[in-house]
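Breakdown of the fold
Here are the chains, one letter per residue:
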Amino acid sequence: MIHAQRSRVLVGRVWKFGDNIDTDVITPADTTCFGLGDAEEIRILKENAFRSIRPGFYRLVRPGDMLVAGRNFGLGSHREQANTALVSLGFSVVIAESIARIFFRNSVAIGFHAIQVPGITTNVEEGDELRVDLERWRLQNLTNGKETAIEPYSELVQRIIESGGIVEVLKARIEADRKQGKFATRI
Amino acid sequence: MGMTIAEKVMARASGKEVVHPGQYVDARIDRIIADEEFYRIHTAAEAAGIAGGLPDIWDRDRFHLILEHFQPALNVTQALRQQKMREVAKRYGLTHFRDAVCGVIHRIAIEDYVLPGELALGSDSHSVAWGAVNCVGTGMGEHELAYALVYGTLWFKVPETIKVVLSGRLHAALSGKDVALYLAGQHTTAFALYKAIEFTGPGASALSIDGRISLAAHAVELGGKFGLFGYDDTTAGFLADRTAMLHQKHLAQPVAPDPDAVYCQEVRVDLDGLEPQVARPHNFDNVVPVSRIAGIPIHQAQVGSCANGNLEDIATVVRLVKGKRVAQGVRLLVQPASWAVYRASLERGFIGDLLDAGAQVLSPGCHLCIGMQGALAGGDVCITSTTRNFRGRMGSADAQIYLASPATVAASALAGVIADPREVV
Ligand code: SF4
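Residues numbered from 1 in each chain as written. Chains lettered and ligands numbered in written order. Predicted model: local features only at pLDDT ≥ 70, side-chain atom pairs only at ≥ 80, totals over all residues. Heavy atoms only, no water.

**What to know about the interface of chain B and chain A**
Across the contact, 61 residues belong to chain B and 53 residues belong to chain A. Here chain B packs against chain A, burying approximately 4900 Å² in sum over the two surfaces, 61% of which is carbon and sulfur. Taken as a group, B:H143, B:Y151 and B:W155 account for 16% of the area that chain B buries against chain A, more than any other trio of residues on that side. Inspection of the region where chain B meets chain A yields four salt bridges. Where B:R40 meets A:E41, a salt bridge forms, and the shortest distance between an N and an O atom there is 2.8 Å. Joining chain B to chain A, the criterion identifies 23 residue pairs in polar contact (both at pLDDT 80 or more). Elements represented by at least two residues in the side of chain B that touches chain A include exactly α2 (38-47), α3 (76-91), β6 (136-139), α5 (142-151) and β7 (153-157) of chain B. Counting residues per element, the side of chain B that touches chain A draws most heavily on α5(B), which supplies seven residues. When its residues are assigned to classes, the side of chain B that touches chain A shows 29 nonpolar, 16 polar and 16 charged. (Contact = heavy atoms within 4.5 Å. Buried area = accessible area lost by both parts, 1.4 Å probe. Salt bridge = Lys/Arg side-chain N within 4 Å of Asp/Glu carboxyl O. Polar contact = N/O pair within 3.5 Å; in protein donor to acceptor, adjacent residues only side chain to side chain. Helix = DSSP H or I, 4+ residues; strand = E, 2+ residues; numbered from the N terminus. Nonpolar A, V, L, I, M, F, W, Y, C, P; charged D, E, K, R; others polar.)

**Side note on the environment of B:V326**
Residue and element names in this part refer to chain B. Relative to the helices and strands, V326 is located in the loop between α12 (311-321) and β15 (331-334). Residues V326 and A359, spaced 33 residues apart in sequence, show a C-alpha to C-alpha distance of 7.1 Å. Dropping the residues within four chain positions of it, V326 is found in contact with L332, A357, G358, A359, A413 and L414.

**Comments concerning the sheet that holds strand β4 (residues 96-98) of chain B**
All names here are of chain B. Taken together, five strands build an open sheet; the order of strands is β4-β3-β2-β5-β6 and the sheet is parallel. Whereas interior strands pair on both sides, the edge strands pair on one side only; in this sheet they are β4 and β6. This sheet shows a mean twist of 15° between the axes of neighbouring strands, independent of strand direction. Pairing between strand β5 (residues 119-122) and β6: four bridges, direction parallel. The residue bridging L119 from the neighbouring strand is V136, located in β6. (Pairing = 2+ DSSP bridges. Axes fitted to C-alpha atoms, helices over the stretch in contact; angles between N-to-C directions.)

**Thoughts on the packing of α12(B) against helix α15 (residues 406-415) of chain B**
All names here are of chain B. Closest axis-to-axis distance for the α12/α15 pair is 9 Å, and the angle between their directions is 30°. By the criterion of interaxial angle, the relationship of α12 to α15 is roughly parallel. Helix-helix and strand crossings are classified by hand; for α12 and α15 the assignment is right-handed. In contact with D313, T316, V317, L320 and V321 of α12, α15 contributes P406, A407, A410, A411 and L414. Counted by class, the contact of α12 with α15 contains eight nonpolar, one polar and one charged residues. (Parallel < 35°, antiparallel > 145°, perpendicular 65-115°, else oblique. Left-handed = near helix turned anticlockwise from the far one by under 90°.)

**Remarks on the side chain of B:R31**
By the element assignment, B:R31 lies in strand β2 (residues 31-34). Engagement of the side chain of B:R31 in a polar contact is seen with the side chain of B:Q248, the distance being 2.6 Å.

**Some words on the packing of helix α4 (residues 81-89) of chain A against helix α5 (residues 101-110) of chain A**
Helix packing geometry: the angle between the two helix axes and the distance between the axes. Residues and elements named next belong to chain A. Relative orientation of the contacting elements α4 and α5 amounts to 55°, with a least axis distance of 9 Å. As the angle between them shows, α4 and α5 are arranged oblique. Seen along the crossing, α4 lies across α5 with a hand that is right-handed. Taken together, the residues of α5 that come into contact with α4 (itself represented by A82, N83, T84, L86 and V87) are F103, N106, S107 and I110.

**Brief notes about the site of the ligand**
Residues and elements named next belong to chain B. With respect to spatial proximity, the complete set of residues near the ligand consists of H69, V104, H106, D124, H126, S305, C306, C366, C369, T387 and R393. Counted by class, the shell around the ligand contains four nonpolar, five polar and two charged residues. A domain split of the shell around the ligand shows at least three residues from each of domain 1 (5-247 + 258-269) and domain 2 (278-423). (Near = heavy atom within 4 Å. Domains from an automatic or database assignment.)

**What to know about unusual backbone geometry**
All names here are of chain B. Looking along the chain, the bond that leaves Q71 and enters P72 is cis, with omega of 0°. Inspection of the secondary structure assignment puts P72 in the loop between β3 (63-66) and α3. That bond from P281 to H282 is cis: its omega, -5°, falls within 30 degrees of zero. Within the secondary structure, H282 is located in the loop between β12 (277-279) and β13 (287-289). Its identity is not glycine, yet N134 carries a phi of approximately 70°, on the positive side. As for its position among the elements, N134 is in the loop between β5 and β6. Using a relative accessible area of 0% as the deciding quantity, one classes N134 as buried. With a phi close to 50°, M245 is a non-glycine residue in the positive phi region. Residue placement: M245 occurs in the loop between α9 (233-240) and β11 (265-270). (Buried < 20%, exposed > 50% of the residue type's maximum accessible area, 1.4 Å probe, protein only.)

**Quick notes on the domain arrangement of chain B**
Interfaces are often described in size by the accessible area the parts lose on coming together. Residues and elements named next belong to chain B. Here chain B is partitioned into domain 1 (5-247 + 258-269) and domain 2 (278-423). Of note, the centres of domain 1 and domain 2, computed from C-alpha atoms alone, are 25 Å apart. Of all residues in domain 1, the largest losses of buried area upon contact with domain 2 belong to V104, K177 and L181, amounting jointly to 20% of the total for that side. Here domain 1 and domain 2 share one salt bridge between them. Taking the shortest distance from any N to any O, the salt bridge between R388 and E221 comes out at 2.8 Å.

**Overview of the pattern of salt bridges**
Residue and element names in this part refer to chain B. Applying the stated criterion across every chain yields a total of 35 salt bridges over all chains. Here D30 makes a salt bridge to R12, at a shortest N to O gap of 2.8 Å. Taken together, the positions of D30 in the loop between β1 (24-28) and β2 and R12 in helix α1 (residues 5-13) put the pair 18 residues apart, joining distant regions of the chain. Look at R12 and you get partly exposed, because its relative accessible area is 31%. Between R422 and E275 there is a salt bridge, and its shortest N-O distance comes to 3.8 Å. Taken together, the residues R422 in the segment after α15 and E275 in the loop between β11 and β12 connect sequence positions 147 residues apart.

This is the structure:
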């Protein structure tokens, strides 16, 4: 299980991608399919992430780097491995012009920051350094000085992300319920 | 103010009189259908420290587990996953577990499980296909399904709805696939991002359930959260043939939009003049009319998937290839979406017709769609009626995948080059 970092102010270096980066590009079908979710599978996912457009990408990304992309990032499959692969590569956040629905929900569900900032691709170049402030909801390009507002998460989304993902929320609820005697008979 | 189909179902499921787009609701789930990803649901819970995995399943009569993407298993990895699945199915005491004789999850769901008016979740992005039978279905990841499976509820943001009005009639060689591709070509894959789509108008009513499945399934390629059709005689007729889960049939609650429902956008498509559409590599919205690229040589032609492996699709292929032969050097692969589709094809003589024409017929499943069978080598050119032409989806990243309707695929298989099916039909 990979936990994304939860700091509210992120600073990192940008890797920039275009429009329509799909889940097969992030995590090719033959690498995601049907492993057991163990360390070996995570290694395979990480080493093959983006291989069709950037072979060996995993060797270049450093912890805390940021992924900037164009329209509809993460479209395609429901595969959560695409989200966890970004976390295991070391990314702290994905910032895109827009983000596909399931990819966004999966990010929230694993406690990983995924934010939509229209116009991001015109203000940011690969290698730029960004400061993403999720308290004041500002995005600052430290390389060129440009600053943009970020639309805040809804309260609910914020709560799930800060809990570390929906399974953490689930766990807390189950623990509370167990104290009340629910789920007493183990299935 | 009236509500759309999605709004009405969200309101009912969250126990509210009205909801409006943008509102967050905690909705009761009517049904969950999971495939082999259920194993990840179990392990995600365990990995998070929930001892033993999920403590319970909220309603075993509304949860269906299907071993489907790779049935039968093609290698040891898959076989191992299946073994694990059988273990967890037993451990959770599941009532509805389908081990063998499956097919594509969405075909199975529509044949046997989902009902009109339900809010239903699947562990697969094409769960939007269930909208073909007026079910408000959508795909979710494993972590969210873990929550929903224990408590039977999940958070939703009520989506805005786009109304897509289909007028006129499709040419006999065109299908729902052409409409989906056309919409993507015009409006991109971000067309309905975070939104519901309602397909309506005379052109929508005229579509068979199979035609609706193709269009509804592709709601996700259009960015959508739901892809919905209304309930009508076609839906009723289809459900009347259902043989599974009959004890739940009375739970169907067909839902129609209010006459004064508010849509965020209305798009009209005139089917009368529509040309067959093809998406070029490597994206669903890289679309041109077939005439623009006719003549490109192909090596492989495929008909299958949740969107286009249904009986009507196979009948279309047969209509084109019967009594003819696939072009030399072309591999035509046909994969029915379920064993029911396979059997119906067999009874109609379609399988024999396909074999006579030189096609290969595969056992039902997702194999073609993700290159588990029929994998492509670098330089291979494939035209397929499956759902996605992402780079590398079917093998080599240097293969070229074109997406088209079953008719366009069949016409191309006969010609050996991308071809206009209207010249054959
Ligand atoms: S046929 Fe393809 S798109 Fe449909 S469920 Fe199977 S793998 Fe997914």
